[in-house]
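Residues per chain are reported as follows:
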Amino acid sequence: MNVDAKKNEPTFDIEKFLTISRQLDLTGLVLEDAKKYGLNQSEVRVLRYMQDTELYTVHYMKALMETSALADEEARAFLVNWGYEECYHGRTLAKILSICGHEPSRKSIEEFARPRKWTEVLQDAGGRLLSIISPDFIAVHMSWGAINELTACNAYTRMAELSDNPILAEVCRRIVKDERRHFAFYYQQAQRRLRASGLAQGMARVALRALWEPVGGSMQPRESRDFVGAYLFGDEAGRRCLREIDQRIAQLPGLEWFDLVSKHTNEGSARIERAGVPVDRPRTRPIVQA
Ligand SMILES: [Fe+2]
Ligand SMILES: [Fe+2]
């Protein structure tokens, strides 16, 4: 992320983003080689969750496009390409599962096919209405997006560190490059909108405290979400990542109190430990850049 030295604000260059936006860069990688190394059962579970979360992005994209965010030229251009890039993340993870002899998840497909619950319809309508009544509400979406994209950066970095499959590890590192650009967009949008409005800060505080849960959690059973958190962030290095995410988000105007990523994820990891669910985490090793 670039920083405007005069204003000390992160900047996001939409023209640059649009120029380099493309499907996941797999140049020089032979995905089929992933089969030689295989995946352990914990990795399979985490990858299925990540695949679902990526492919479900279109749902969030749709929700944002039905708000006044659409009036923002930068947001409008970003959202289309964001969905496109996330789609390729999900499809690549599904391919790796398949190549390694595991069934990819069908959860995100089933989610789109099922009738909407009335609570979800109300929630979507409430979000749309709030964004019409007060454009400041978009700051909530942008803050939410910044948290989730920064979590994604850290989740894929950890996946790469923990995996004994070098092909999967490299794919994760390539995904991180995309996630960093997504984070830059949401963070600078959130920063600008929160700084401009005390009301936006208040809405973000209330909405995040009441409704936020770790990325992908709205679609998955809580145990799956907890397991993924325990696998990726349940050791000391993982907890350090969580604290760093919280500290970065806490730099946003009005969110100085933010500690929800550590709080929710650590509580989930403790539940997994109490339930005696085995977490098969291979050794931690330093990331070797390709
Ligand atoms: Fe992604
Ligand atoms: Fe992303």
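Residues numbered from 1 in each chain as written. Chains lettered and ligands numbered in written order. Predicted model: local features only at pLDDT ≥ 70, side-chain atom pairs only at ≥ 80, totals over all residues. Heavy atoms only, no water.

**Describing the overall build of the chain**
Looking only at helices and strands, the chain features 13 helices and two strands. Compactness check: the chain gives a C-alpha radius of gyration of 19 Å against a globular reference of 19 Å for 290 residues, within 12% of the reference. With respect to the principal axes defined by its C-alpha atoms, the chain has extents near 55 × 45 × 40 Å. Look at the contacts in the chain between residues 6 or more apart in sequence, and 84% of them connect residues 24 or more apart. Put simply, the chain shows about 14,000 Å² of open surface, and 54% of that area lies on carbon and sulfur atoms. (Helix = DSSP H or I, 4+ residues; strand = E, 2+ residues; numbered from the N terminus. Rg over C-alpha atoms; globule rule 2.2 N^0.38 Å. Contact = heavy atoms within 4.5 Å. Areas by Shrake-Rupley, 256 points an atom, 1.4 Å probe, with all protein chains shown as cover.)

**Quick word on the coordination of the iron ion (ligand 1)**
Six octahedral donors at a metal ideally form angles of 90 or 180 degrees, and four tetrahedral donors ideally form angles of 109.5 degrees. At this site the iron ion (ligand 1) is bound by Glu 54 (OE), Glu 54 (OE), Glu 86 (OE), His 89 (ND1) and Glu 179 (OE), with donor distances of 2.0 to 2.2 Å. The sequence motif formed by the donor residues of the iron ion (ligand 1) is E-x31-E-x2-H-x89-E. A spacing of 3.7 Å is found between the iron ion (ligand 1) and the iron ion (ligand 2), which share Glu 86 as a donor. Residue His 89 is located in helix H5 (residues 73-99), and its partner Glu 179 is located in helix H9 (residues 166-196); the two are separated by 90 residues in the primary sequence. For His 89, a relative accessible area of 0% translates into the label buried. Taking the relative accessible area as the measure of exposure, Glu 179 reaches 1% and is therefore buried. (Donors = N, O, S within 2.8 Å, 3.2 Å for Na, K, Ca; no water. Buried < 20%, exposed > 50% of the residue type's maximum accessible area, 1.4 Å probe, protein only.)

**So, the side chain of Ser 163**
Within the secondary structure layout, Ser 163 lies in the loop between helix H8 (138-162) and H9. A polar contact is formed between the side chain of Ser 163 and the backbone nitrogen of Asn 165, at a distance of 2.9 Å. (Polar contact = N/O pair within 3.5 Å; in protein donor to acceptor, adjacent residues only side chain to side chain.)

**Some words on the side chain of Gln 189**
Tracing the backbone through its elements, the reader meets Gln 189 in helix H9. Engagement of the side chain of Gln 189 in a polar contact is seen with the side chain of Arg 193, the distance being 2.7 Å. In this structure, Gln 189 is in contact with Asp 72, Glu 74, Ala 75 and Met 142, ignoring residues within four places of it in sequence.

**What to know about the coordination of the iron ion (ligand 2)**
Bound to the iron ion (ligand 2) on the protein side are Glu 86 (OE), Glu 149 (OE), Glu 179 (OE) and His 182 (ND1), at distances that span 1.9 to 2.2 Å. Taken in chain order, the donor set of the iron ion (ligand 2) reads E-x62-E-x29-E-x2-H.

**Structural notes on helix H12 (residues 236-249)**
For H12, which comprises 14 residues, the first-to-last C-alpha distance of 20 Å matches the rise-based estimate of 20 Å (1.5 Å per residue) to within 8%. Listed as buried for H12 are Gly 238, Cys 241, Leu 242, Ile 245, Asp 246 and Ile 249. For H12, the buried positions fall inside an angular range of 135° around the axis, keeping them on one side. (Expected span 1.5 Å × (residues − 1). Arc of directions from axis to C-beta.)

**A word on the environment of Arg 192**
Mapped onto the fold, Arg 192 is located in helix H9. Judged by relative accessible area, which is 42%, Arg 192 ranks as partly exposed. Between the C-alpha atoms of Arg 192 and Pro 214, which are 22 residues apart in sequence, the distance is 24 Å.

**Thoughts on helix H11 (residues 222-233)**
Helix length check: H11, at 12 residues, gives a terminal C-alpha distance of 16 Å against a target of 16 Å (1.5 Å per residue), a fit within 8%. Most of H11 sits inside the fold, with 10 of its 12 residues counted as buried. The complete set of buried residues in H11 reads Ser 224, Arg 225, Asp 226, Phe 227, Val 228, Gly 229, Ala 230, Tyr 231, Leu 232 and Phe 233. Buried positions along H11 lie against helix H3 (41-55), H8, H12 and helix H13 (260-274).

**A look at the pattern of salt bridges**
Enumeration over the complete set of coordinates arrives at 20 salt bridges. Here Asp 72 and Arg 192 are joined by a salt bridge, their closest N and O atoms 4.0 Å apart. Of this pair, Asp 72 sits in the loop between helix H4 (57-65) and H5 while Arg 192 is found in helix H9, placing the two residues 120 residues apart along the sequence. For Asp 72, a relative accessible area of 14% translates into the label buried. For Asp 226, the salt bridge goes to Arg 225, with nearest N and O atoms at 3.8 Å. The residues Asp 226 and Arg 225 share a single accessibility class, namely buried. (Salt bridge = Lys/Arg side-chain N within 4 Å of Asp/Glu carboxyl O.)

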